[in-house]
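# A structural walkthrough
One-letter residues, chain by chain:
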Amino acid sequence: MTRGNPCQLPGMLPNYDPNDNEAGMKILEDLTENVEQIQQRVLEEIITRNARTDYLKGFLDGQFDKQVFKKTVPVVNYEDIKPYIERIANGDSSNIISAEPIIELLTSSGTSGGQPKMMPSTAEDLHRKTFFYNLLVPVMNKYVDGLDEGKAMYLLFVKPETKTPSGLMARPVLTSYYKSNNFQNRPFNRFNVFTSPDETILCSDSKQSMYCQLLCGLVQRQEVLRVGAVFASAFLRAIKFLEDNWKELCSNIRTGHVSDWITDPGCRKVVSLVLNKPKPELADLIEHECSSKSWEGIIKKLWPRTKYIEVIVTGSMAQYVSTLEYYSGGLPLVSTMYASSECYFGINFKPLSKPWDVSYTLIPNMAYFEFLPVKEKNEDGAQYVQCNGVCKENCMEKETEKEDVETVELVDVKLGQYYELVVTTFTGLYRYRVGDILMVTGFHNKAPQFRFVHRRNVVLSIDTDKTSEEDLLKAVTKAKVIVESLGILLIEYTSYADTSSIPGHYVLFWELTSKGNNHLPVLDPKIMEQCCSTVEESLDSVYRRCRRKDNSIGPLEIRVVQHGTFDALMDFCVSQGSSVNQYKTPRCFKSGEAINILDSRVVTRFFSQKAPFWELV
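Computed from a predicted model, the values in this text were never measured in an experiment. (Residues numbered from 1 in each chain as written. Predicted model: local features only at pLDDT ≥ 70, side-chain atom pairs only at ≥ 80, totals over all residues. Heavy atoms only, no water.)

## What about the packing of helix 11 (residues 232–255) against helix 13 (residues 280–290)?
Definition in use: Only the stretch in contact is used when fitting a helix axis, every axis being a line fitted to C-alpha atoms; angles between N-to-C directions are given from 0 to 180 degrees. The way it works is that DSSP assigns letters per residue, a run of H or I at least four long becomes a helix, a run of E at least two long becomes a strand, and they are numbered from the N terminus. We call two directions roughly parallel when the angle between them is under 35 degrees, roughly antiparallel when it is over 145, roughly perpendicular when it lies between 65 and 115, and oblique otherwise. Crossings are assigned a handedness: left-handed for a near helix turned anticlockwise from the far helix by less than a right angle, right-handed for a clockwise turn. Working rule for contacts: check all heavy atoms of both residues, and any pair within 4.5 Å makes them a contact. Here the nonpolar group is Ala, Val, Leu, Ile, Met, Phe, Trp, Tyr, Cys and Pro; Asp, Glu, Lys and Arg are the charged ones; every other residue, Gly included, is treated as polar.
Taken N-terminus to C-terminus, the directions of helix 11 and helix 13 make an angle of 165°; their axes are 8 Å apart at the nearest point. Between helix 11 and helix 13, the angle is such that the two are roughly antiparallel. The hand of the helix 11/helix 13 crossing is left-handed. Seen from helix 11, the contacting residues are W246, C250, I253 and R254; seen from helix 13, they are P280, L282, A283, D284, I286, E287 and C290. Tallied by class, residues from the contact of helix 11 with helix 13 come to eight nonpolar, no polar and three charged.

Put into structure tokens, the structure is as follows:
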């Protein structure tokens, strides 16, 4: 490829040796120089391939023109395409939405009707993801030297999967990738050698997987140059697991034998090979560091050659930055990529930037990108600000309506403006609203760079869960019926995600009163614990899986507050610029000051005493 000429496009993804940094950077430069041409060719190829699918031919009527596509194909949400996905899951042909065979359905952490969304995937899409992952290597090598001189301790895990009635696998996107030939039979890349053998990553027992990966990482501590996991929450769970299990890990290292409870045969075999023989001196060293009263800087102490921690710390993961910094010993926190179940989107071209400065450059041959403008002002002229729990006016950005709104192309977005991302993919999604709100922060060559602002409508998130205001309202409504039957009224409520401990958990603040008077009722702990459990049972499948299967979310808590607490909260919000006339209680707070006001008026606390029901369906 030469600069100024359109790049090769899927399915002609540029082939290059990922060990060749110069070739990788050349590809990135060409992609970001030729954005407009590449985007046009991407759309042309998608339309040409798929115009005769049941979905598109109903809109295009045999035409292959871009303008016809944008004029006739609607911008849609998941509920609009859900019937097509369900038909394929139940045995209908892939070609109702995709000319390429759909080989599996990727389950999203977003929800619909209490169940994860399912996104179509093709064999070619696995190659596109591999191409994308390979592009991350030259970017990191540009900023960090010597990454080929050691290993990465990346803690990677598979999640539960199931078969649809048609026989297609339905599973999370990363589980799909780790179980694919693209991952398991990947060519050797000296920049991405892991301490975790594949067998430990692919172990379906998350506890055995975590233990074995940490054990391998500790044994190879002097070879580790970078550590990480996909999400910040997962990496912090690993630290907590290490805190709880370091004595047993040291015992295994000292004796050279794996604990008997590690029963997965693949794990036992490969970990025994890594352990090799007793290492008493190494065990003593690890024991010395882990027995310290303070674990501040523990990552650097246990893995002294580590250059950075690679985890996603944007979006809802930003709440973990301070905790990561405590454990890191001053190591940079690196977010390399922006991706979802629908599509892999962008790369962070300045990976050593601070978490709050992270921007992603969208790679134009991944999909066709459009953007719905998000208005910056409401009808009264009040400026919108990013929701931090004490927003001016309504604490919610105005919803961009699907109807009668012109989308903006990738090359036409404006610096400083906010947009909702819309994608057309090679796998059968057409003008699909991803639900992410992004802000344009700059450009790399001609490719816009975006900061992830937040998910549309999501108010609570600890791990991969995404709870909307509507989800929360439905759950609280079911729970309040329990106390209402006893003559107790729920006057007002709000919430926040408490990540001060690992794992984090949802907290609900409830102001209650007895019917007919203004007194705080006497509360039966059993009844209130039942309310906690009812809320959890009413939340979606992803939340319940995280609570019951993954143990990545702690028990939900209800904190009952004094009378007048929400009046004091309103006074505070008004003092921060909210309008008295338009104020309504935000259903989630992130502001430390607001949470302090609520916490200072807590009368009593209750926790869910059992994990909610969840099964793989």
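## With respect to the sheet that holds strand 6 (residues 224–231)
The pairing of strands in a sheet comes from backbone hydrogen bonds and takes either a parallel or an antiparallel form. The line we're drawing: Note on pairing: DSSP must find at least two bridges between two strands before they are called paired.
Taken together, four strands build an open sheet; the order of strands is 3-6-7-8 and the sheet is parallel. At either end of the open sheet lies a strand with only one pairing partner, and these are strand 3 (151–155) and strand 8 (333–334). The pairing of strand 6 with strand 7 (residues 308–312) spans four bridges and is classified as parallel. Opposite R226, over in strand 7, you have Y308 as the bridge partner.

## Quick word on the confidence of the model for the protein chain
What counts here: As a per-residue quantity, pLDDT reports the predictor's confidence and falls between 0 and 100.
Confidence in the prediction of the protein chain, expressed as mean pLDDT, is 88, and 91% of residues score 70 or more. Below a pLDDT of 50 lies the segment residues 1–11, which in the model reaches 38 contacts outside its immediate sequence neighbourhood of four places, other chains included. Segment residues 376–403: pLDDT under 50, and 69 contacts once partners within four positions in sequence are set aside and those in other chains are kept.

## Some points on helix 10 (residues 206–219)
To keep it simple, the criterion reads: To estimate how far a helix should extend, the number of its residues minus one is multiplied by 1.5 Å. Note on classification: 1.4 Å probe, protein chains only; a residue is buried when its accessible area is under 20% of the maximum for its type, exposed when over 50%, partly exposed between these limits. The term polar contact refers here to a pair of N or O atoms within 3.5 Å; inside protein, the definition further demands a hydrogen-donor-capable atom paired with an acceptor-capable atom, and it admits residues adjacent in sequence only when both atoms are side-chain atoms.
The terminal C-alpha atoms of helix 10 lie 20 Å apart, and with 14 residues this matches the ideal 20 Å at 1.5 Å per residue to within 8%. In terms of burial, helix 10 is largely enclosed, as twelve of its 14 residues are buried. At the N-terminal boundary of helix 10, the capping side chain belongs to D205, with an oxygen 3.0 Å from the backbone nitrogen of K207.

## Examining the domain arrangement of the protein chain
The condition that has to hold: As annotated, the domain borders come from an automatic or database domain assignment. Simply put, the buried area is the total loss of 1.4 Å probe accessible area from both parts when two parts are fitted together. Whenever Lys or Arg places a side-chain nitrogen within 4 Å of a carboxyl oxygen from Asp or Glu, that contact is recorded as a salt bridge.
Structurally, the protein chain comprises domain 1 (145–306) and domain 2 (458–607). Domain 1 and domain 2 are separated by 36 Å when their C-alpha centres are compared. Taken together, the contact pairs ten residues of domain 1 with nine residues of domain 2. The junction of domain 1 with domain 2 conceals about 790 Å² of combined surface from both sides, 59% of it contributed by carbon and sulfur atoms. Summed over the shared surface of domain 1 and domain 2, the number is two salt bridges. The residue R237 makes a salt bridge to D463 at a minimum N-O spacing of 3.3 Å. Summed over the shared surface of domain 1 and domain 2, the result is three residue pairs in polar contact (both at pLDDT 80 or more). Ranked by residues supplied to the side of domain 1 that touches domain 2, first place goes to helix 11 with five residues. Considering only residue class, the side of domain 1 that touches domain 2 consists of four nonpolar, three polar and three charged.

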